[in-house]
Amino acid sequence: MAPNTAVNALQDGKRRQAQALLRDGEVWLIAARESGVRPEPALTLVAGVDVTWDSLFLLTRDEAVAIVGRFDAEAVPPGWTVHGYDADLRDLLRAEVTRLGARRVLLNISEDDPLCDGLTSGLERRVRGWLAPASDLSGDGLPELEWGSAAPLLGQLRSVKTPAEHAAIRGAVDLAEAHLREMAAAARPGWTERDVAAFLHGLCRRDGAAPSWG
């Protein structure tokens, strides 16, 4: 399986796993902007797409919806219903949240876990403003929503591995052990820690892999 195909399969599996954890009436809303500069960990986990404009990814038990700038739309992987926008995403968001029958919205906020705390405070304020009750805005019928943290869901999602993740982990372990054996055979007296790191990083580049740490 090609690397990109394998990554897409991993993300698709995690998206489906997340959907199975959601309850009726719950929407997990992943908000991101300029993700190449400030990645959203949860978006990397379930979609693996970099976005530029304000972007929203909504998951329910049955649907996966992406609202992204029109130039980002083609980058969203299969499995998502994609809505591109040019200027303002508020009306699109309100229509989708209404259509999905959302009663409770889960956001990526956490006081304890940085992997569950990808939403910036500024973007959180924007999201809450976009979804303010209809009586305060246009009268479009959007009810007042309950808000919650997606941290418990993300905790389960990260701790319970899919079959594809198990296979990827086994492959990574096998490759890491092969690299360590090759390094041990090549090492000579006088090598420094920098020499060892440079050698191992060279093996990663040779084999199309990436280290977990810098």
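Residues numbered from 1 in each chain as written. Predicted model: local features only at pLDDT ≥ 70, side-chain atom pairs only at ≥ 80, totals over all residues. Heavy atoms only, no water.

Overview of the pattern of salt bridges
One pass over the full model with this rule turns up 14 salt bridges. With a shortest N-O distance of 3.0 Å, arginine 128 and glutamate 124 are connected by a salt bridge. Of this pair, arginine 128 and glutamate 124 both sit in helix 4 (residues 121-130), four residues apart, which is roughly one turn of the helix. Take glutamate 124: its relative accessible area is 17%, and that puts it in the buried class. Here arginine 206 makes a salt bridge to aspartate 207, at a shortest N to O gap of 3.0 Å. Given a relative accessible area of 48%, arginine 206 falls into the partly exposed group. Look at the salt bridges and you will find they share partners, linking Asp12, Arg15 and Arg16 into a network. (Salt bridge = Lys/Arg side-chain N within 4 Å of Asp/Glu carboxyl O. Helix = DSSP H or I, 4+ residues; strand = E, 2+ residues; numbered from the N terminus. Buried < 20%, exposed > 50% of the residue type's maximum accessible area, 1.4 Å probe, protein only.)

Details of helix 3 (residues 90-99)
Listing the buried residues of helix 3 in full gives Arg90, Leu93, Arg94, Glu96 and Val97. Taken end-on, helix 3 shows its buried residues confined to a sector of 165°, consistent with a single buried face. Packed against the buried residues of helix 3 are strand 1 (26-32), strand 2 (55-59), strand 3 (64-69), strand 4 (81-85) and helix 4. One or two residues past the end of helix 3 sits glycine 101, with phi positive at roughly 70°. (Arc of directions from axis to C-beta. Contact = heavy atoms within 4.5 Å.)

Side note on the layout of surface pockets
The computed volume of the second largest pocket comes to approximately 150 Å³. Lining the second largest pocket, in full, are Leu21, Arg23, Glu26, Arg104, Leu106, Ser149, Ala150, Pro152, Leu153 and Gln156. Mapped onto the lining of the second largest pocket, the elements with two or more residues apiece are strand 5 (104-107) and helix 5 (151-159). Top contributing element to the lining of the second largest pocket by residue count: helix 5, with three residues. Across the lining of the second largest pocket, the residue classes break down as five nonpolar, two polar and three charged. (1 Å grid on protein atoms, 1.4 Å probe; cavity = no way out; pocket = protein on both sides within 12 Å on 5 of 7 lines; lining within 4 Å. Points joined across faces, edges and corners; volume = space filled by probe spheres on them. Nonpolar A, V, L, I, M, F, W, Y, C, P; charged D, E, K, R; others polar.)

A short note on the side chain of asparagine 108
Within the secondary structure, asparagine 108 sits in the loop between strand 5 and helix 4. Since its relative accessible area comes to 2%, asparagine 108 is described here as buried. Polar contacts involving the side chain of asparagine 108 include one to the side chain of glutamate 40, which spans 3.4 Å. Residues contacting asparagine 108, with those up to four places away along its chain left out, are Trp28, Leu29, Ile30, Glu40, Ala42, Cys116, Asp117, Gly118, Leu119, Ala150 and Leu154. (Polar contact = N/O pair within 3.5 Å; in protein donor to acceptor, adjacent residues only side chain to side chain.)

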